[in-house]
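Summary of structural features
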Amino acid sequence: MDYQLLLLTIGVSFILAVIAAPLLIPLLRRLKFGQQVRDDGPQSHLKKAGTPTMGGIVIILAFTLAFLKFSVINTDFYVLLVATLGFGLIGFLDDYIKIVFKRSLGLTAKQKLVGQLLFAAIMCYLLIQNGHSTAISVPGTSWSFDWGGWFYYPFIVIMMMAVTNAVNFTDGVDGLLSGVSAIAFAAFAIVAMQATSLSAAVCAAAMIGAVLGFLVFNAHPAKVFMGDMGSLGIGGAIGGIAIVTKTELLFIVIGGVFVIEMLSVVLQVASFKTRGKRIFKMSPIHHHFELTGWSEWRVVITFWAVGIVLAGLGLYLNKGL
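Remember, it's a predicted structure, so these values are computed and weren't measured experimentally.

In this section: unusual backbone geometry. For the peptide bond that leads from histidine 220 to proline 221, omega is -5°, which places it in the cis range. Inspection of the secondary structure assignment puts proline 221 in the loop between helix 7 (198–218) and helix 8 (227–244). The residue after serine 283, namely proline 284, is reached through a cis peptide bond having omega 0°. Within the fold, proline 284 resides in the loop between helix 10 (256–275) and helix 11 (285–291). Of note, the phi angle at methionine 54 is positive, near 70°, even though the residue is not glycine. Along the chain, methionine 54 falls in the loop between helix 1 (3–30) and helix 2 (56–70). A positive phi is found at threonine 196, a non-glycine position, where the angle reads about 55°.

Encoded structure:
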């Protein structure tokens, strides 16, 4: 596989994001597309109220232009495009409704569910048409199981919903999701190269450049937030890459930070509803560490470090090292 092509993709996507962000941020300010901050969250976040959000437009734009330019056109290409842009569109609508109508709630849970089911179903249709393998491999072993399409495709739908929501939960501290996702995409780029899936490798490379370019403006103190458009689009891309490279379960390791974030929310809700007690000071778990006195940078750097370790472990399990 052409490594120079992937480096070029990263570079072009990065430059596009770095150029687009300074043009978009003033526009978002004029339109008063500002972030609403939870009153029950860390007090240090209150000063972030009004910071422009919907910056995910920068990520999706840079990604799309680079991906269209450098990827080959095949079924994997369309699956990845639907995964990223489809789930990104759901996030855009959610952000838009919140901001324009000054509501804390954007799309309803039912509306989000319908949208996620729709785009996941389109992905499944494309995979079926291409004769996509329904076998699922267990990372680090030679074992795999295949229960046929009646199990696999519902699993894919559930997986896409879980991955995108897990990534969405991770967005909440300046630079956290941008950095963790760049690490995960770097690992999946290697996985895609080993699987000889050029479309998946270029997708990962385009996302690396886009999120790193966005990180220039999203690092603490953030000048712009990505909003649900960015986080759901990133989640869609990661899930799509894992599916087309047949490393569905490897996401649990490479995307371990996302999994931990989602589990912290699930455990918090379950504990409060069953016992009336909270496990964490606040969920997702990155807020728990903030409320224990950690600075934002300490949270971010620690989670990035955990992401690097898990990415390395994932590559080892995938026989990448």
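Structure shown, so let's carry the discussion forward.
Judged by nonpolar contacts, the single largest core of 99 residues is most densely connected at Phe67, Phe185, Met207, Ile234, Ile238 and Phe258. The biggest single contributor to this core is helix 7, with 14 residues. When residues no more than four places from it in sequence are discounted, the contact partners of isoleucine 234 are Ile59, Val167, Leu177, Ser181, Phe185, Met207, Val211 and Met226.

Before going further, it helps to spend a moment on the packing of helix 3 (residues 75–100) against helix 4 (residues 109–129). If you want to describe how two helices pack, look at the angle between their axes and the distance between the axes. For the pair helix 3 and helix 4, the least separation of the axes is 9 Å and the interaxial angle reads 175°. Our classification of the angle between helix 3 and helix 4 gives roughly antiparallel. Contact with helix 3, carried on its side by Thr75, Tyr78, Val79, Val82, Ala83, Gly86, Phe87, Leu89, Ile90 and Asp94, involves Lys112, Gly115, Gln116, Phe119, Ala120, Ile122, Met123, Leu126 and Leu127 of helix 4 and no other residues of that element. Within the contact of helix 3 with helix 4, the residues separate by chemical class into 13 nonpolar, four polar and two charged.

Criteria and cut-off values
Residues numbered from 1 in each chain as written. Predicted model: local features only at pLDDT ≥ 70, side-chain atom pairs only at ≥ 80, totals over all residues. Heavy atoms only, no water. Helix = DSSP H or I, 4+ residues; strand = E, 2+ residues; numbered from the N terminus. Core = buried A, V, L, I, M, F, W, Y, C linked by side-chain atoms within 4.5 Å. Buried < 20%, exposed > 50% of the residue type's maximum accessible area, 1.4 Å probe, protein only. Contact = heavy atoms within 4.5 Å. Axes fitted to C-alpha atoms, helices over the stretch in contact; angles between N-to-C directions. Parallel < 35°, antiparallel > 145°, perpendicular 65-115°, else oblique. Nonpolar A, V, L, I, M, F, W, Y, C, P; charged D, E, K, R; others polar.

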